[in-house]
Amino acid sequence: MTAMDGFPGNWRPNTSSGVALFEQLRLRIIELADSGVLAVGAKLPPVRNLAGVLDVAPHTVARAYKELEAAGVVATRGRNGTIVCARDDRWGALAEVAAQYAAAAKAQGASFAEAVQLLAAAYDAD
């Protein structure tokens, strides 16, 4: 499946969630890239096209793409579009542990902000 053919499929951001729309989109693309549904080299839809499909502002998609690019998940090739980048094994292992942490935090009733705050504190602890 190419990103243009199958992405975003039936997925839509949850407008009643406390998680920002750009963050929901960013996390969804990471999930699909890590699982291989969005293959390395898959071209993502242009910002305006995806914004229209998801019924969100173009800035929402642009911010998600920008943060994904900063994290090395995608690369923007100007007029050639945004493509999914190869990820190393370390990233996949970290993503798995992060998913476990997120599930545990949710099970304990922690908000997203609280979970991030705890993670930041643990990351900075020596």
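Conventions used here
- Residues numbered from 1 in each chain as written.
- Predicted model: local features only at pLDDT ≥ 70, side-chain atom pairs only at ≥ 80, totals over all residues.
- Heavy atoms only, no water.
- 1 Å grid on protein atoms, 1.4 Å probe; cavity = no way out; pocket = protein on both sides within 12 Å on 5 of 7 lines; lining within 4 Å.
- Points joined across faces, edges and corners; volume = space filled by probe spheres on them.
- Helix = DSSP H or I, 4+ residues; strand = E, 2+ residues; numbered from the N terminus.
- Buried < 20%, exposed > 50% of the residue type's maximum accessible area, 1.4 Å probe, protein only.
- pLDDT = per-residue confidence, 0-100.
- Salt bridge = Lys/Arg side-chain N within 4 Å of Asp/Glu carboxyl O.
- Expected span 1.5 Å × (residues − 1).
- Contact = heavy atoms within 4.5 Å.
- Pairing = 2+ DSSP bridges.
- Axes fitted to C-alpha atoms, helices over the stretch in contact; angles between N-to-C directions.

Let us now look at the layout of surface pockets. Reported here for the largest pocket is a volume of approximately 1,200 Å³. Forming the walls of the largest pocket are 31 residues, and the residues nearest its centre are Arg26, Leu27, Ala98, Ala102 and Phe112. Listed by contribution, the elements that provide at least two residues to the lining of the largest pocket are helix 2 (21-35), helix 5 (89-107) and helix 6 (112-124). Looking at the lining of the largest pocket, the element that brings in the most residues is helix 5, giving 11 residues.

Attention now moves to unusual backbone geometry. Comment: phi is negative for the bulk of residues other than glycine, and the bulk of peptide bonds are trans. The residue aspartate 55 is not glycine, and still its phi comes out positive at about 60 degrees. Position of aspartate 55 relative to the elements: it lies in the loop between helix 3 (47-54) and helix 4 (58-70). Since its relative accessible area comes to 71%, aspartate 55 is described here as exposed.

To continue, consider the confidence of the model for the protein chain. Note: predicted coordinates in regions of low pLDDT should not be interpreted at a detailed level. In the predicted model, the protein chain carries a mean pLDDT of 88, and the fraction of residues at 70 or more is 92%. Here helix 1 (residues 3-6) is the element of the protein chain with the lowest mean pLDDT, 59, and helix 3 is the one with the highest, 96.

Here the focus is the environment of glycine 52. Within the fold, glycine 52 resides in helix 3. Glycine 52 sits 26 residues away from arginine 26 along the chain, and the two C-alpha atoms are 17 Å apart.

Let us now look at the pattern of salt bridges. Applying the stated criterion across every chain, the model contains three salt bridges. Close ionic contact of glutamate 31 with arginine 28 constitutes a salt bridge, the shortest N to O distance being 2.9 Å. One end of the pair is glutamate 31 and the other is arginine 28, both in helix 2 and three residues apart, which spans about a single turn. Glutamate 31 sits in the partly exposed class, given a relative accessible area of 46%.

Look at helix 2: 21 Å from first C-alpha to last across 15 residues, which is about the 21 Å you get at 1.5 Å a residue. Buried within helix 2 we find Phe22, Glu23, Gln24, Leu25, Arg26, Ile29, Ile30, Leu32 and Ala33. The inward-facing, buried residues of helix 2 contact strand 1 (43-44), helix 3, helix 4, strand 3 (82-84) and helix 6.

Okay, the sheet that holds strand 3 next. Here three strands make up an open sheet; going across it, the order is 1-3-2 and the pairing antiparallel. One side of each edge strand has no neighbouring strand; the edge strands of this open sheet are strand 1 and strand 2 (74-76). As paired strands, strand 2 and strand 3 are joined by three bridges and run antiparallel to one another. Opposite alanine 75, over in strand 3, you have isoleucine 83 as the bridge partner. Across the sheet, helix 4 is in contact with strand 1, strand 2 and strand 3; its angle to strand 2 comes to roughly 110 degrees.

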